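Summary of structural features
Below, each chain spelled out in residue letters.
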Amino acid sequence: MRVLVVGGGGREHAVVKALKKSKKVDKLFCAPGNGGIAADAECVSVKATDIKGMVEFAKANGIDFAVVTPDNPLVLGMVDALEEVGVKCFGPNAKAAEIEGSKVFSKRLMQKYGIPTAKSEVFDNAKDALLYLETSEYPCVVKADGLALGKGAIIVNDFEEARAAIDEIMVEHVFGESGNRVLVEEFLTGPEVSVLSFTDGKTLVPMVSSMDHKRAHDFDMGLNTGGMGAVAPNPYYTKEIQEECMQKIFLPTVRAMNADGRPFKGCLYFGLMLTKDGAKVIEYNCRFGDPETQVVLPLLESDLFEIMLAVADERLGEVEVKFSTDSACCVVLASDGYPQKYNTGYQIDLPTLDKNEYIYIAGAKAEGDKLLTSGGRVLGAVARGATLAGAIDKAYKLAGKIHFENAFMRHDIGRRALEAIERK
Ligand code: AMP
Ligand code: GLY
């Protein structure tokens, strides 16, 4: 089979590496890919959001199967367009991708079908939002309705901060049309868990749980980023909690999407908070998470392509989805200054990899036989181990062997997870 992966970050590199292991995959393309992915797939210079360009490329190159990984093309309907010309896809169509594309849609879905989530109010103008915020409880969370590069949720501690958030989202429109509507949400507390799942709209199979590390600096300080590291499994997510989530959140979500005429096929991501009143949904994503994928897929022992094909054919219930009982840790190496201003163009020196070590390239371009930094998040150093402590140690040793000027990383990826294990 000729397979196309759409996207070009660390997550896509992990997907490409996993697909490459399948005997059924004869040829792998990645659009646009990056300088590191080029070692594992033929990179094609079509932008991930260029639907017309992607359809033309797929037709001209006899693509049998496409994996559409990032949120934007999914919400814009790339799966619909590819399927129209006969390319089978892994990923939801535009109607189903609304579950991530509109937080107002997903909140109403949860409210209608009784799926546990934070209480929330929706506003379509700044005046009404501010009127409500004058007397609301603090802290609370102000969220832009649409996609906002993962930066659309602002935790506010008082009315002044709330006003600044509303200004940013609804008046200055820093997230564009995504800010035409806002949600004001109850502030929840508790450990956060990411659960990625495969679903074909009939069956849902959760993957191993994971924990993202969103803040730029140690001890969860600094700005929110696209993710500075991850570990899997997430020790807070016990068997009992998994069962509770399956019954109260995962299956009800699949049923709700079906009832709404939007059957979801692909990777459905549950961003959960384990509150004292039980697990609640913080967000849905219509795709694999980044960097969670970089720790989840190395633990997958079944053939990823077989699973994706089964999802597309709606026979997920017939295939094996098996994960290792090992743990994995991903330490992101970023360019100093990320997520704000940073320099690029520095040469990256990579070590040779031992068994159970992986490097997923996120922001690098090839120049001759050199690899140069080209983004904020440059790469993920990933290791697998029999224990979480072992995986973390190994990932940091690997990260220590990778060199480029201006590199920075967090030094505490997995620390909270280890503490949770010690408390058990
Ligand atoms: P989101 O963009 O919805 O994924 O939110 C980003 C981050 O903001 C989450 O990972 C949480 O850490 C935080 N957050 C979002 N909603 C809430 C909430 N209702 N209560 C507390 N924290 C939240
Ligand atoms: N790691 C969170 C996300 O992919 O949105």
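Structure first, text after, so check above.
The rules behind each value
- Throughout this description, residue numbers start from 1 for each chain and increase along the sequence as written.
- By the order in which they are written, chains take letters starting at A while ligands take numbers starting at 1.
- Two thresholds apply to this predicted model, a pLDDT of at least 70 for residue-level local features and 80 or more for giving and counting side-chain atom pairs, whereas whole-chain, interface and lining totals are computed over all residues.
- Neither water nor hydrogens contribute to the side-chain values; these are computed over all heavy atoms in the structure.
- A run of H or I in DSSP counts as a helix once it spans at least four residues, and a run of E counts as a strand once it spans at least two, with each numbered from the N terminus.
- Each residue's exposure class comes from its accessible area (1.4 Å probe, protein chains only) as a fraction of the maximum for that residue type: buried when under 20%, exposed when over 50%, partly exposed otherwise.
- In what follows, residue pairs with any heavy atoms lying within 4.5 Å of each other are defined as contacts.
- When DSSP locates at least two bridges between a pair of strands, those strands are taken to pair.
- The convention used is that axes are lines fitted to C-alpha atoms, helices contributing only their stretch in contact, and that angles between N-to-C directions extend from 0 to 180 degrees.
- A carboxyl oxygen of Asp or Glu within 4 Å of a side-chain nitrogen of Lys or Arg is what we treat as a salt bridge.
- For this purpose, a residue is taken to be near a molecule or strand whenever a single non-hydrogen atom of the residue falls within 4 Å of it.
- By the criterion applied in these results, polar contacts are pairs of N or O atoms within 3.5 Å in which, for protein atoms, one can donate a hydrogen and the other can accept it, and in which residues neighboring in sequence qualify only through two side-chain atoms.
- In this description, accessible areas are obtained by the Shrake-Rupley approach with a 1.4 Å probe, and a residue is regarded as covered only by the protein chains that are shown.
- All amino acids are sorted into three groups, where Ala, Val, Leu, Ile, Met, Phe, Trp, Tyr, Cys and Pro are nonpolar, Asp, Glu, Lys and Arg are charged, and the leftover types, Gly among them, are polar.

Within the chain, the secondary structure is distributed over 13 helices and 23 strands. Oriented by its inertia axes, the alpha-carbon framework of the chain measures out at about 60 × 45 × 45 Å. Among the 424 residues that make up the chain, the fraction classed as buried is 56%. Counting only contacts in the chain whose residues sit at least 6 apart along the sequence, the fraction spanning at least 24 positions is 68%.

A word on the sheet that holds strand E6 (residues 120-123). Reading across the sheet, the four strands line up as E6-E9-E7-E8 and stay open at both edges, with antiparallel pairing between neighbours. In this open sheet, the two edge strands, each paired with only one partner strand, are E6 and strand E8 (153-156). Here the average twist between neighbouring strands, direction ignored, is 20 degrees. Across four bridges, the pairing between E6 and strand E9 (residues 182-186) is antiparallel. Within E9, the residue paired with Glu 121 across the bridge is Val 184. On top of the sheet, helix H8 (residues 159-171) reaches E6, strand E7 (140-144), E8 and E9; it is set at about 160 degrees to E8, its chief contact.

Here the focus is helix H1 (residues 10-20). The element H1 is largely enclosed, with a buried count of nine among its 11 residues. Within the sequence span of H1, burial applies to Gly 10, Arg 11, Glu 12, His 13, Ala 14, Val 15, Val 16, Ala 18 and Leu 19. Close packing links the buried residues of H1 with strand E1 (2-7), strand E2 (27-32), strand E4 (65-68), helix H10 (292-296), helix H11 (304-312) and strand E19 (357-361).

The step from Tyr 138 to Pro 139 runs through a cis peptide bond, and the omega angle for that step is -5 degrees. By secondary structure assignment, the location of Pro 139 is in the loop between helix H7 (126-134) and E7. With omega at 15 degrees, the peptide bond leading from Asp 290 into Pro 291 counts as cis. Tracing the sequence through the fold places Pro 291 in the loop between strand E17 (278-285) and H10. Of note in this structure, Asp 220 is not a glycine but carries a positive phi near 55 degrees. Of note, Asp 220 is situated in the loop between strand E13 (215-217) and strand E14 (221-224). Taking relative accessible area as the criterion, Asp 220 reaches 26% and is therefore assigned partly exposed. We note that Glu 314 has phi near 55 degrees; this positive angle belongs to a residue other than glycine. Mapped onto the elements, Glu 314 comes out in the loop between H11 and strand E18 (327-335).

Here we come to the pattern of salt bridges. Scanning the entire structure with this criterion turns up 27 salt bridges. A salt bridge links Lys 107 to Glu 185; the nearest nitrogen and oxygen atoms lie 3.2 Å apart. Within this pair, whereas Lys 107 is found in helix H6 (residues 103-113), its partner Glu 185 is found in strand E9, the two being separated by 78 residues in sequence. Taking the relative accessible area as the measure of exposure, Glu 185 reaches 5% and is therefore buried. With its nearest N and O atoms 2.9 Å apart, the salt bridge here joins Asp 260 to Arg 262. Residue classification places Arg 262 among the buried residues on the basis of a relative accessible area of 17%.

A word on the site of ligand 1. Around ligand 1 sit 14 residues in total, of which Glu 185, Glu 186, Leu 188, Glu 192 and Glu 283 are the nearest. Here a nitrogen atom of ligand 1 and a side-chain polar atom of Lys 143 are 3.0 Å apart. Within the contact set of ligand 1, a nitrogen atom lies 2.8 Å away from a backbone nitrogen or oxygen of Leu 188. Computed on the free molecule, ligand 1 has an accessible area of 480 Å², of which 91% lies beneath the protein chains in the complex. For the shell around ligand 1, the secondary structure elements donating two or more residues are E7, E9 and E17. Across the shell around ligand 1, the residue classes break down as seven nonpolar, no polar and seven charged.

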